[in-house]
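What follows is each chain in one-letter form.
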Amino acid sequence: MRRLPLTPVTASHRSAPSIHKHGSSMASNISGSSSSSDRQRVAQHRLRVIAGHLQRSAESDSVIQAAECKASVSESVAADSETRTVPRRRQEIMKWNGWGYSDSRFLFNKKGQAEFTGKRYRLSGLIIPGLKDWFEGTFGANLQHKSPATPILNSNATHPPNLNKAFVEELKSTGVPFSHDTEDRVFRAHGHCLHEIFALREGKVGRVPDMVVWPNCHNDVVKIVELATKHDVCLIPYGGGTSVSSALECPPEETRSIVSLDTSQMNRILWIDEKNLTAHMEAGIIGQDLERLLNEIGYCTGHEPDSMEFSSLGGWVATRASGMKKNIYGNIEDLVVHIKMVTPQGVIEKGCVGPRMSTGPDIHHFILGSEGTLGVVTEVTMKIRPMPEYQKYGSVVFPNFEQGVACLREVARQRCAPASIRLMDNEQFKFGHALKPQVSSLFTSFVDGLKKFYITKFKGFDPNHLCVATLLFEGDREKVLQHEKQVYDIAAKFGGLAAGEDNGQRGYMLTFVIAYLRDLGMDYYVIGESFETSVPWDRVLDICRNVKARIIHECKEKGVQFPPLSTCRVTQTYDAGACIYFYFAFNYRGLSDPVHVYEQVEHAAREEILANGGSLSHHHGVGTLRKEWMRETISSVGMGMLKSVKDFVDPKNIFGNRNLL
Amino acid sequence: MFSPTQHGESMLKKKDEFEDILEERRNSSDLRYALRSYTPPLYKEVTPATANELKDMVLQSDPLCFVVRQVSTESGRPVDEVQAEASAILEEMAHGLQLSTVRFFAFTLSKVFKTLFRSIHVNEDGIQRLQQAVQENPVVLLPSHRSYLDFLLMSYILYTYDTPLPVIAAGMDFMGMKMVGEMLRKSGAFFIRRSFGGDKLYWAVFSEYVQTLLKKGYAPIEFFLEGTRSRTSKSLTPKLGLLNVVLEPFFKGEVYDVTLLPVSISYERILEESLYARELLGVPKPKESTSGLFKARKVLSEDYGSIHVYFGQPVSVRKLSEGRVKRSQFNLMPRHIPKRPGEDINKVVIELAYQLVQNQQANMVLNPFVLLATLLLQNHHQSLASGQKPGMKLQELTDRALWLRDLSRLFGACLQWPDDRPPAEVVSSSLRLHPGLVTISEGRVQLALPGEPHGASSPEEELFNQAVIILSCVSYRNQMLHVFVGPALVASAMNISSSTQKNEIANSHSFLRNMFFHEFILCPGGTNQDLSMSFDLLEKARALDVFSHHVLVPEEGHRTLSFLSSLLDPFLQGYQVMETHGRSCCESKGDTLTDKQFVPDVRKFIVKQILAGRLKYSEVLSSDLQKNALAALSRLGAVQKIKGSVLGNLKVNKVMVNWLEDTLGEKEAA
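Keep in mind it's a predicted model, so treat the numbers as computed, not measured.

Caption draft 1: View of the overall build of chain A. Along its length, chain A carries 20 helices and 21 strands. By the burial criterion, 59% of the 661 residues in chain A qualify as buried. When contacts within chain A are restricted to residue pairs at least 6 apart in sequence, long-range pairs at least 24 apart make up 78% of them. Total accessible area computed for chain A in this model is approximately 26,500 Å², and 54% of it derives from carbon and sulfur atoms.

Here it is as structure tokens:
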């Protein structure tokens, strides 16, 4: 079956080379295209394909002919499957019991050195000499003590599917592909919470969906939802599967047949409107495809959540996602212009795409953050921007975290935050240091040593207190340089020293590989997780200190034998506050039920966050993991409002994942 | 809620060994000791700052700036002027800790302590716990307060053990002493006015100053929960003001935790002993002055026995308030804007305050003389009633003391009774330490009351002179009241209700507990728990057999019960007299009388009652007892303070007074 990632778009007469120009000026933070010839080859192939489409569309001059469903397209052409990042059988390229691509993982080689496999990332194929010492030192872990995962899924681990025959029969007649293969079902039964992955690694599987359907377009979804409503089948929408809120777990008490609705095949950009700078997409498209395809014609959305390699547009909408570069482009709620969602009551959408309306409460805000409880987001119109001419990374070292936070606050006060500005605490700074790949030249290591000497000895920074902010500037070259100077000047007032582009860039690269690192830890009795919150500025330091301390104390109290890693970073700045990410991991040797201990500690940490004026979530969402705190978060009346919307839209609880309420 | 753990803790605590820190001082150079290197462990998140930097931090802080602006708006005064006033307040208040002054004190106090005391015993395990705690979280030291020496002693000990020196909240009265005030300031004291309830600016400066010290981890903060020195050796009900100030940073999330550390300082003989008795009898306390201090040199020639200083278990405010306090109540407003804490916090703070004072009490070390004074007082009053010759044979006193020793140990007292020495020797040597209070003649021991009336003195003067001795002895008896107060309340409740039915005893018990709320440390709301714990203790002492609905007094129980109820008898009778007086006042002078009138009036009335033989307890002359009784009467609604008048006026509620009379009166019928 030939499914094109990019169907005919609005007549765009940009030539391929011009796309190329932008692409090369960008130091990609995902894959580092310049360093991998393999990636270049793939990209060039894609470009050829896309260029071909562009020419054809220009000839036919067919504007906005997108809504037609792919399901009817002939299955005969299956040539360019590599342009589609997410196949129906995800397990073919992705781990079934860990993060990301199967070919990419950390391991300790025979010499005991850490390396990262595969070819996809900048770090791929490199040795990371400092990781072992850091890992053993931080966690008290030992390479001799392994806790390997169950290699393959035992098909007996799952119950046979509980199929609703009438539903299946009628579904067959629609031609929408579906499966009740065990691997397909297990893959969609979880997100990436620690307890979910831990269970999979032990080969344990709870309630899984009874069936997976792959709609190809909006109309397919309409049919599926109609049938589900008719036959009282429970639907759980599934986008990228990167949830960290237990939002994809099948409610164990659900007795109806559960159907996972996988949106991955609804992945087309349906049209681009250059006059209004908007693009209309199917909601199953994942972040990296969307960005890459738009980049190829000189645009971007600028929406880059850390999960963008795998998370989908529909998922972003359903969870109120936030992107790294929101300072320029905005969060998902700022980016979305129009949403189409299929509910058991029918399709909900606005009648126009005016940029702002005063028409009562914004119905988009019932959909944004609804976490799959109301329906399936099928199509979204989003703002796009011309790709930035120039990108520059940067970093600043501060003598301590307090100064760093004060600097970020000042940057926010002056509203001059770069596309991204993040402040890591001392522990994360050390962690980042441990992840430095092997340097090839003597000179580089000499320079590094000199830098270290300068900062710690000459400037008197205490290596156990200093922390680092990473920066990403985007825009016109001239403006970027000007902007950069402004930010560095502010930093200097808070004792900050510019620490180079490399440190900054590596910081952002780590964002994408850090999730892989958890799998490595789990091979050696180390479990961990990250969680986030948002908090007013005046609370930032207090909440960071208290939550980190709470984690350490709780671990001790719950019998964890080794001191945990408890660290945080400020990842977003706002006018009135900041987003804070906590990372927490510990060596669980000696514990009989590590996951339970882990959950107790995370629970305590969340209580601490709320007690310190932090929000329940900045962008991960509530899912079922954080439901218990919803009432105190939004008040009883607020709960009632949400509940009455749910009752109207989905009285039979077809969308029965039980998230949020 | 806290008691079970507290009980368990106090059991643990007793295992701590005491070390005499004076021993080394007697064997090595004081000068070298005063000049040795001093490198205490520090709070892990300490922000080093000088005393002046601290002042700047306080003056520039958001909370203070907010109040300065507020005061300026309300009063119409320019901000600069208010700011200057705040600065002046801070200048008057702030400490100026200097190591050189501390070293000076280390030297001189070594000399003084060696002259005054035989030993200063410190539990070193407690010091270790403190040193640990100091590094983890801000620490608040809460010593008991019986003497001016307390805080000098605390700093002296902490210096000795290389532990961070505290900054100490001291009353302004010290400031009146030239030189000394400044010396104390340089040794870490900061000065607060006695009352500043309505002064918003003062409060803001004060609380911000204390909280800055705390949050920056500058030094442990030390203050006296009891607010002032107890003149009676009985713990005073905790004052919540400063406690609230040091806890607020935790409730507002500004620190991870606050560690509270109760310290029990037990003096075998208090320096101010006779001074206190006179003060309680209405001779105003001499104003602190430097020359007064030199006159006090006389005290240097006497023997004051030993001191025991017990550093208790650190109390984590976080742990204690977990699940009981919603810290999120401060989420919706900027935290620098003053906001009253919710009921949940108030409740926890009150309970905590009582628990801490109880912790102090539990670790007070009692010396044998405490038992002897108790027995001699009881003997004195019995002989007054029966007309027998006062006093006891040494052997009888020793026997009774041994009985009381065992009973008090059974009830959990920390008794410093040298078991390895013959009891008679213990008794006579501890009697010898108090020649002004007891006399031994012809093998009989009795209170050293002034003998036959001299022609020159009036009966009132004689009574006054005797009362000085009685009150001094009472201050020893009072040291052990906390051990017995629970069971004693039950014993008295049994007398009042003259019933063996548990529910009736419980009613009377609850009434007494309520009435004595200001007299003893009784945790608010802990009535039922206290009652059942007291029943347990009485059963353990074989004084009572407790059944599901009633109790029985076994033959051997009468002695214990009568001892216990006679412990509270002076208080019961004292309260009764106060209340009788209140009634007669309202009959003669109408329903209202002024506060200022009431006190001298009541004293005259009590003197009359004692001289007429209607009241045998001259300790009722104690202004402390009168104050507490008045507070109880007003608490129970028998009198009412009328606000708004210049002098606090009291209004007597006849109905309530009569009811009290009836309830208490039954006692005599029994």
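The structure having been displayed, the exposition proceeds.
Caption draft 2: Quick peek at the sheet that holds strand β5 (residues 211-213) of chain A. Residue and element names in this part refer to chain A. If you trace the four strands from one edge of the open sheet to the other, you get β4-β5-β7-β6, paired in mixed fashion. Unpaired on one side and paired on the other, β4 (178-179) and β6 (234-238) mark the two borders of the sheet. Note that β6 and strand β7 (residues 258-262) share five bridges and pair parallel. For Leu235, the partnering residue across the bridge sits in β7 and is Val259. In the packing of helix α4 (residues 165-174) onto the sheet, contacts are made with β4, β5 and β7, and the angle to β5 comes to roughly 25°.

Caption draft 3: View of the interface of chain A and chain B. Taken together, the contact pairs 15 residues of chain A with 15 residues of chain B. Broken down residue by residue, the surface that chain A buries against chain B is led by Arg539, Arg545 and Ala611 of chain A, which jointly contribute 36%. The tally of links between chain A and chain B comes to five salt bridges. Note that Arg318 of chain B and Glu608 of chain A form a salt bridge whose closest N and O atoms lie 2.7 Å from each other. At the surface where chain A touches chain B, the tally comes to 13 residue pairs in polar contact (both at pLDDT 80 or more). Looking at the side of chain A that touches chain B, the elements that each hand over two or more residues are α18 (540-557) and α19 (594-611) of chain A. The residue inventory of the side of chain A that touches chain B, partitioned by class, reads three nonpolar, four polar and eight charged.

Caption draft 4: How the structure looks around the domain arrangement of chain B. Residues and elements named next belong to chain B. Partitioning chain B into structural domains gives domain 1 (47-363), domain 2 (367-448) and domain 3 (472-670). Each of domain 1 and domain 2 has a C-alpha centre, and the two are 37 Å apart. Each partner contributes to the interface: domain 1 provides 10 residues, whereas domain 2 provides six residues. Taking both sides of the interface into account, the surface hidden between domain 1 and domain 2 amounts to around 680 Å²; carbon and sulfur atoms contribute 56%. The largest per-residue losses of area from domain 1 upon contact with domain 2 belong to Glu268, Arg269 and His308, which jointly make up 56% of the total buried on that side. Put simply, domain 1 and domain 2 have zero salt bridges between them. Our count for the domain 1 to domain 2 interface comes out at zero residue pairs in polar contact (both at pLDDT 80 or more).

Caption draft 5: Seen up close, the pairing of strand β17 (residues 467-475) of chain A. All names here are of chain A. Burial analysis of β17 places nine of its nine residues in the buried class, which makes it a mostly covered element. The alternating pattern of β17 places Cys467, Ala469, Leu471, Phe473 and Gly475 on one face and Val468, Thr470, Leu472 and Glu474 on the opposite face, and all of these are buried. In this sheet, β17 lies alongside strand β15 (residues 390-398) in antiparallel orientation, the contact comprising nine bridges. Considered in β17, the bridge of Gln391 is made with Glu474. As defined by bridge partners, strand β16 (residues 420-424) adjoins β17 across five bridges and the pair is classed as antiparallel. From the neighbouring strand, Leu423 faces β17, where its bridge partner is Ala469.

Caption draft 6: Highlighting the sheet that holds strand β13 (residues 376-383) of chain A. Residue and element names in this part refer to chain A. The strand order across the open sheet built from five strands is β8-β9-β13-β11-β12, with neighbouring strands paired in antiparallel fashion. Strands with a single pairing partner mark the edges of an open sheet, and in this sheet they are β8 (269-273) and β12 (346-348). Averaged over neighbouring strand pairs, the angle between their axes works out to 10° when direction is ignored. With five bridges connecting them, strand β9 (residues 278-282) and β13 associate as antiparallel partners. Bridging across to β13, Thr278 finds its partner in Lys383. Contacting β8, β9 and β13, helix α8 (residues 287-296) runs over the sheet at an angle of about 45° to β8.

Caption draft 7: Inspection of the pairing of strand β20 (residues 565-573) of chain A at higher detail. Residues and elements named next belong to chain A. Taking burial as the measure, the nine residues of β20 include nine buried ones, the bulk of the element. Strand direction decides the pairing type here: β16 and β20, joined by two bridges, are antiparallel. Within β20, the residue paired with Leu423 across the bridge is Val570. Inspection of the sheet shows β20 paired to strand β21 (residues 577-587) by eight bridges, in the antiparallel sense. Across the sheet, Gln572 pairs through a bridge with Cys579, a residue of β21.

Caption draft 8: Region of interest: the confidence of the model for chain B. Residues and elements named next belong to chain B. When pLDDT is averaged along chain B, the result is 86, and 87% of the positions lie at 70 or above. Taken together, the stretch residues 643-648 has pLDDT below 50 and engages in five contacts with residues farther than four places along the chain or on a different chain. Note that residues 666-670 has pLDDT below 50 and, in this model, eight contacts with residues that lie over four places away or in other chains. Taken together, the chains of this predicted complex give a pTM of 0.88 and an interface ipTM of 0.87.

Caption draft 9: Representation of the nonpolar core in the model. Counting 100 residues, the largest nonpolar core has Phe106 and Phe586 of chain A as its most contacted members. A per-element tally of this core places helix α17 (residues 501-523) of chain A first, with eight residues. A domain split of this core shows at least three residues from each of domain 1 (269-386) and domain 2 (525-619) of chain A. Leaving out residues up to four positions away in the same chain, Phe586 of chain A has contacts with Phe139, Tyr525, Val526, Ile527, Cys555, Val560, Pro564, Leu591, Pro594, Val597 and Tyr598 of chain A. If you look at the next biggest cluster of nonpolar residues, it comprises 93 residues, including Ala277, Leu371, Met392 and Leu512 of chain B.

Caption draft 10: Empty space enclosed by the protein, seen in detail. All names here are of chain B. Using the criterion set out here, one finds nine cavities of 30 Å³ or more in the structure. Reported here for the second largest cavity is a volume of approximately 190 Å³. Along the walls of the second largest cavity sit 20 residues, with Arg146, Ser233, Asn478, Gln479 and His482 positioned nearest its centre. Mapped onto the lining of the second largest cavity, the elements with two or more residues apiece are β7 (259-267), β10 (365-366) and α21 (481-497). Residue composition of the lining of the second largest cavity, grouped by class: 10 nonpolar, seven polar and three charged. The two domains that each donate at least three residues to the lining of the second largest cavity are domain 1 (47-363) and domain 3 (472-670).

Caption draft 11: Fine view of the packing of aromatic side chains. What the rule picks out here adds up to 39 aromatic pairs over all chains. Judged by centre distance (5.3 Å) and plane angle (15°), the ring pair of Phe584 of chain A and Tyr598 of chain A falls under stacked. Placement of Phe584 of chain A in strand β21 and of Tyr598 of chain A in helix α19 is noted, with a sequence separation of 14 residues between them. Across the pair, exposure class does not vary: Phe584 of chain A and Tyr598 of chain A are buried alike. On the numbers, 5.4 Å between centres and 85° between planes, the contact of Tyr33 of chain B with Tyr159 of chain B is edge-to-face.

Caption draft 12: Structural context of the pattern of salt bridges. Counted by the stated rule, this structure contains 75 salt bridges over all chains. Between Lys485 of chain A and Asp489 of chain A there is a salt bridge, and its shortest N-O distance comes to 2.7 Å. Residue Lys485 of chain A and its partner Asp489 of chain A are both found in helix α16 (residues 477-493); the two are separated by four residues, about one turn of the helix. One salt bridge connects Asp624 of chain B with Lys234 of chain B, and the closest N-O pair in it is separated by 3.8 Å. A residue pair is termed long-range when its members are at least 10 positions apart, and Asp624 of chain B in helix α26 (residues 623-635) and Lys234 of chain B in the loop between β6 (221-222) and α12 (241-251) qualify at 390 residues. A residue is classified by how much of its surface remains accessible, and Asp624 of chain B, at 9% relative accessible area, is buried. Beyond isolated ion pairs, a larger network of salt bridges with shared partners links Arg550, Glu554, Lys558 and Glu608 of chain A together with Arg318, Glu322 and Arg327 of chain B.

Caption draft 13: Molecular detail of unusual backbone geometry. Positive phi, close to 55°, is recorded for Asp232 of chain A, a residue that is not glycine. Its relative accessible area of 31% is what places Asp232 of chain A among the partly exposed residues.

Caption draft 14: Local environment of the UniProt feature "site: Important for enzyme activity" (unreviewed entry) in chain A. Residues and elements named next belong to chain A. Mapped onto this numbering, the UniProt entry annotates "site: Important for enzyme activity" (unreviewed entry) at Arg422. Relative to the helices and strands, Arg422 is located in strand β16. Exposure remark for Arg422: the relative accessible area of 5% places this residue in the buried category. Discounting chain neighbours no more than four positions away, the residues touching Arg422 are Asp306, Met324, Val468, Ala469, Thr470, Tyr508, Thr511, Arg569, Val570 and Thr571. In terms of polar contacts, Arg422 uses its side chain to reach the side chain of Asp306, at 3.0 Å.

Criteria and cut-off values
Residues numbered from 1 in each chain as written. Chains lettered and ligands numbered in written order. Predicted model: local features only at pLDDT ≥ 70, side-chain atom pairs only at ≥ 80, totals over all residues. Heavy atoms only, no water. Helix = DSSP H or I, 4+ residues; strand = E, 2+ residues; numbered from the N terminus. Buried < 20%, exposed > 50% of the residue type's maximum accessible area, 1.4 Å probe, protein only. Contact = heavy atoms within 4.5 Å. Areas by Shrake-Rupley, 256 points an atom, 1.4 Å probe, with all protein chains shown as cover. Pairing = 2+ DSSP bridges. Axes fitted to C-alpha atoms, helices over the stretch in contact; angles between N-to-C directions. Buried area = accessible area lost by both parts, 1.4 Å probe. Salt bridge = Lys/Arg side-chain N within 4 Å of Asp/Glu carboxyl O. Polar contact = N/O pair within 3.5 Å; in protein donor to acceptor, adjacent residues only side chain to side chain. Nonpolar A, V, L, I, M, F, W, Y, C, P; charged D, E, K, R; others polar. Domains from an automatic or database assignment. pLDDT = per-residue confidence, 0-100. Core = buried A, V, L, I, M, F, W, Y, C linked by side-chain atoms within 4.5 Å. 1 Å grid on protein atoms, 1.4 Å probe; cavity = no way out; pocket = protein on both sides within 12 Å on 5 of 7 lines; lining within 4 Å. Points joined across faces, edges and corners; volume = space filled by probe spheres on them. Phe/Tyr/Trp six-rings, centres within 6.5 Å; stacked < 30°, edge-to-face > 60°. UniProt positions renumbered as here; feature names shortened; annotations may be inferred.

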